[in-house]
Amino acid sequence: MATHRPSEPDGISLRLPSPVVELHDDRLRPHDVRLLLKRDDLIHPDVPGNKWRKLKFNLAEARVQGCHTLLTFGGAYSNHLRATAAAGRHFGFDTIGVVRGEEHLPLNESLAFAAGMGMRLTYLDRTTYRRKTDADVLSRLANQFGPCYVLPEGGSNALAARGCAELVDEITEDFDTICSASGTGCTLAGIAARLRQGQRAIGFSVLKGGGFLNDEVRRFQREAFQAETHNWSLETEFHFGGYAKRKPELDSFISDFEDRHGVVLDWVYEAKMMYGIFARVASGSIARGSTVVAVLC
Ligand SMILES: *Cc1c(COP(=O)(O)O)cnc(C)c1O
């Protein structure tokens, strides 16, 4: 396949540092807990939050390596595929999205968006997709698409964890606990690595059986920072059935939250974290008098 030069970047403007706003909620006051939202979801409508932070140092590295094409992996509803497609368009990279499973036409909204941003989509059956990082699968993709900078699924690697750590530097308010939703654990690894003494991070797993994320967080920390920290923990009870699964209880929490605060929580990640935070405040396991930061991506 002939490669063409990526289109010129169109000069994206990112809202950095992202805003921090206090959430006033009657359910928190009796427990004397302050809740601040770190609005990483407002960084850019096409390249939200931690997806941008994960890409930042990887795009720089791709440039250093002289790669004009990003290749990455995801399910058909992957936020990461969308974000990579948009970042590629805005920063002048060609993009290839390797999608798990068969092609379904018409494309769903997520993949249609990615394709609209110029991403070339290709599909791997589920068995091959599971082996996507094996040498034979990668070399087949390289033969098909030419030399590419390969981003792992979810965009999570050591450079991504370092990018996520930067969000902590942007918070000027004092806080005790910082919370994020966890899919791969990369964001949690980066955040925890940058905290000050006495501060703690909590990751809310959006996956069922999220206990394996403990090892993943440690691995990301070793790879990115050559050290593990012991200032974080994972909550694994708030997955609502598993990744991209929802329950009526979660849906009513989302609509109630929107009524109260005018903020629409994303149900795959943010809503599960926020539900978990309110549950932990109510049960008293988040200490009285503490200030909590919730990261929206
Ligand atoms: C991708 C994503 C996450 C998951 O981050 P990990 O680093 O994979 O744990 C959390 N929240 C939102 C909104 C996301 O889009």
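The rules we used
Residues numbered from 1 in each chain as written. Predicted model: local features only at pLDDT ≥ 70, side-chain atom pairs only at ≥ 80, totals over all residues. Heavy atoms only, no water. UniProt positions renumbered as here; feature names shortened; annotations may be inferred. Helix = DSSP H or I, 4+ residues; strand = E, 2+ residues; numbered from the N terminus. Contact = heavy atoms within 4.5 Å. Near = heavy atom within 4 Å. Polar contact = N/O pair within 3.5 Å; in protein donor to acceptor, adjacent residues only side chain to side chain. Areas by Shrake-Rupley, 256 points an atom, 1.4 Å probe, with all protein chains shown as cover. Nonpolar A, V, L, I, M, F, W, Y, C, P; charged D, E, K, R; others polar. pLDDT = per-residue confidence, 0-100. Expected span 1.5 Å × (residues − 1). Buried < 20%, exposed > 50% of the residue type's maximum accessible area, 1.4 Å probe, protein only. Pairing = 2+ DSSP bridges. Axes fitted to C-alpha atoms, helices over the stretch in contact; angles between N-to-C directions. Disulfide = S-S within 2.5 Å. Core = buried A, V, L, I, M, F, W, Y, C linked by side-chain atoms within 4.5 Å.

Per an unreviewed UniProt entry, the protein chain is named 1-aminocyclopropane-1-carboxylate deaminase/D-cysteine desulfhydrase, and its organism is Amycolatopsis halotolerans. Quoted verbatim from the Cofactor (unreviewed entry) heading of the UniProt record, the comment on the protein chain is "pyridoxal 5'-phosphate". Check the Sequence similarities (unreviewed entry) section of the UniProt entry for the protein chain; it says "Belongs to the ACC deaminase/D-cysteine desulfhydrase family."

## Considering the environment of valine 20
Positionally, valine 20 belongs in strand 1 (residues 20-23). In this structure, the C-alpha to C-alpha distance between valine 20 and alanine 294, residues 274 residues apart in sequence, is 9.6 Å. Contact partners of valine 20, with chain neighbours within four places excluded, come to Leu36, Leu37, Lys38 and Glu173.

## Some points on the site of the ligand
Around the ligand lies a shell of 14 residues, among which Lys51, Lys54, Gly183, Thr184 and Thr187 are the nearest. A distance of 2.9 Å separates an oxygen atom of the ligand from a polar atom in the side chain of lysine 54. Residue threonine 184 places a side-chain N or O atom 2.7 Å away from an oxygen atom belonging to the ligand. The fraction of the free accessible surface of the ligand (390 Å²) that becomes covered by protein chains is 96%. It is helix 1 (residues 49-64) that contributes the most residues to the shell around the ligand, three residues altogether. Within the shell around the ligand, the residues separate by chemical class into four nonpolar, seven polar and three charged.

## Focus: the confidence of the model for the protein chain
Per-residue confidence for the protein chain gives a mean pLDDT of 94; residues scoring 70 or more make up 96%. Contacts of residues 1-8 to residues separated by more than four positions or lying in other chains number 12 contacts, the stretch itself having pLDDT below 50.

## Remarks on helix 2 (residues 79-91)
Under the 1.5 Å per step criterion, the end-to-end length of helix 2 is 18 Å for 13 residues, consistent within 8% with the ideal 18 Å. The element helix 2 is extensively covered by neighbouring structure, given that 11 of its 13 residues are classed as buried. The set of residues buried in helix 2 consists of His80, Leu81, Arg82, Ala83, Thr84, Ala85, Ala86, Ala87, Gly88, His90 and Phe91. Here the buried face of helix 2 lies against helix 1, strand 3 (69-74), strand 4 (94-100), helix 3 (109-116) and strand 6 (149-151). Phi turns positive one or two residues past the end of helix 2, at glycine 92, with a value near 80°.

## Thoughts on the sheet that holds strand 6
Sheet architecture is open: four strands sit in the order 5-4-3-6, paired in parallel fashion. Each end of this open sheet is capped by a strand with a single partner; those strands are strand 5 (120-124) and strand 6. Ignoring strand direction, the axes of neighbouring strands in this sheet form an average angle of 25°. Across three bridges, strand 3 lies against strand 6 in parallel orientation. Its bridge partner lying in strand 6, leucine 71 is registered against valine 150. Contacts from helix 1 reach strand 3 and strand 6, with the element oriented near 165° to strand 6.

## Regarding the state of the cysteines
Under the criterion given, the structure shown has zero disulfides. With no disulfide of its own, cysteine 67 has cysteine 148 as its nearest cysteine by sulfur position, at a separation of 7.6 Å. Cysteine 164 takes part in no disulfide bond, and the closest cysteine sulfur to it belongs to cysteine 186, at a distance of 5.1 Å.

## Observations regarding the nonpolar core
Formed by 56 residues in total, the largest nonpolar core has its most connected members in Leu35, Ile178, Met273, Met274 and Ile277. Setting aside residues no more than four positions away along its own chain, methionine 273 makes contact with Cys179, Ser180, Ala181, Phe204, Ala294, Val295 and Leu296. Cys67, Leu81, Ala85 and Ala114 belong to the second largest nonpolar core, which has 25 residues in total.

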